Amino acid sequence: MYGYTLHFPAPIEAYLAMHRGVMEVVSEDGDVEGLLLHYAYPTDDGFDLVEVWESKDQLEAFNRDVFPKAMARAGLPSDGPMPQPVEFTPAVVMTPRAFSSDA
């Protein structure tokens, strides 16, 4: 497994637009292979994003094949610098059900 967290110095609304774009692309192109866990939350100066994937290769495929389309769909730039990930190796991941807030 491969996990990482990113901090974005942008409002949570930017994340919500990005998330909508990803969901639209995935609904058209099919499932995302290898994603085990994804969550985001607002912070005092932006938002944090945490993901766990079956492998880093699957994340890289998502970033190559899905993410640029989703950013274009959301009207957000995808060519700027990305925050540096803080990588980790998950010991256990348990996801009994999906939940999406109205945030």
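Located above this text is the structure these notes cover.
Notes on the structure follow. The shown structure was predicted, so the numbers you read here are calculated from the model rather than taken from an experiment.

Brief notes about the sheet that holds strand 2 (residues 35-43)
Now for step 1: Here 4 strands make up an open sheet; going across it, the order is 2-3-1-4 and the pairing antiparallel. Since the sheet does not close on itself, it has two edges, and those belong to strand 2 and strand 4 (86-88), each with one partner. Across this sheet, the average inter-strand angle for adjacent strands is 15°, counted without regard to direction.
Now for step 2: Inspection of the sheet shows strand 1 (residues 2-8) paired to strand 3 (residues 46-53) by 7 bridges, in the antiparallel sense.

Section: helix 3 (residues 67-74)
Now for step 1: Every buried residue of helix 3 is listed here: F67, A70 and M71. The buried side chains of helix 3 occupy one side of the element, clustering within an arc of 100° when seen end-on.
Now for step 2: Check the buried side of helix 3 and you find it contacts helix 1 (12-29) and helix 2 (56-65).
Now for step 3: Looking one or two residues beyond helix 3, the residue adopting positive phi is G75, at roughly 75°.

Some thoughts on the packing of aromatic side chains
Now for step 1: For the structure shown, the criterion picks out 6 aromatic pairs.
Now for step 2: Between Y39 and Y41 the ring centres are 6.2 Å apart and the planes differ by 25°, which places this aromatic pair in the stacked class.
Now for step 3: Under the relative-accessibility criterion, Y39 is labelled partly exposed at 39%.
Now for step 4: Given a relative accessible area of 34%, Y41 falls into the partly exposed group.

So, the pattern of salt bridges
Close approach of charged atoms allows side chains of opposite charge to pair.
Now for step 1: Applying the stated criterion across every chain yields a total of 5 salt bridges.
Now for step 2: Between E24 and R73 there is a salt bridge whose closest N-O contact spans 3.3 Å. Of the two residues, E24 is situated in helix 1 and R73 in helix 3; the sequence distance between them amounts to 49 residues.
Now for step 3: Look at R73 and you get partly exposed, because its relative accessible area is 39%.
Now for step 4: The salt bridge partner of E87 is K56, with a shortest N-O separation of 3.1 Å. Within this pair, whereas E87 is found in strand 4, its partner K56 is found in helix 2, the two being separated by 31 residues in sequence.
Now for step 5: When salt bridges that share partners are traced, they join E24, E28 and R73 into one network.

Conventions used here
Residues numbered from 1 in each chain as written. Predicted model: local features only at pLDDT ≥ 70, side-chain atom pairs only at ≥ 80, totals over all residues. Heavy atoms only, no water. Pairing = 2+ DSSP bridges. Helix = DSSP H or I, 4+ residues; strand = E, 2+ residues; numbered from the N terminus. Axes fitted to C-alpha atoms, helices over the stretch in contact; angles between N-to-C directions. Buried < 20%, exposed > 50% of the residue type's maximum accessible area, 1.4 Å probe, protein only. Arc of directions from axis to C-beta. Contact = heavy atoms within 4.5 Å. Phe/Tyr/Trp six-rings, centres within 6.5 Å; stacked < 30°, edge-to-face > 60°. Salt bridge = Lys/Arg side-chain N within 4 Å of Asp/Glu carboxyl O.

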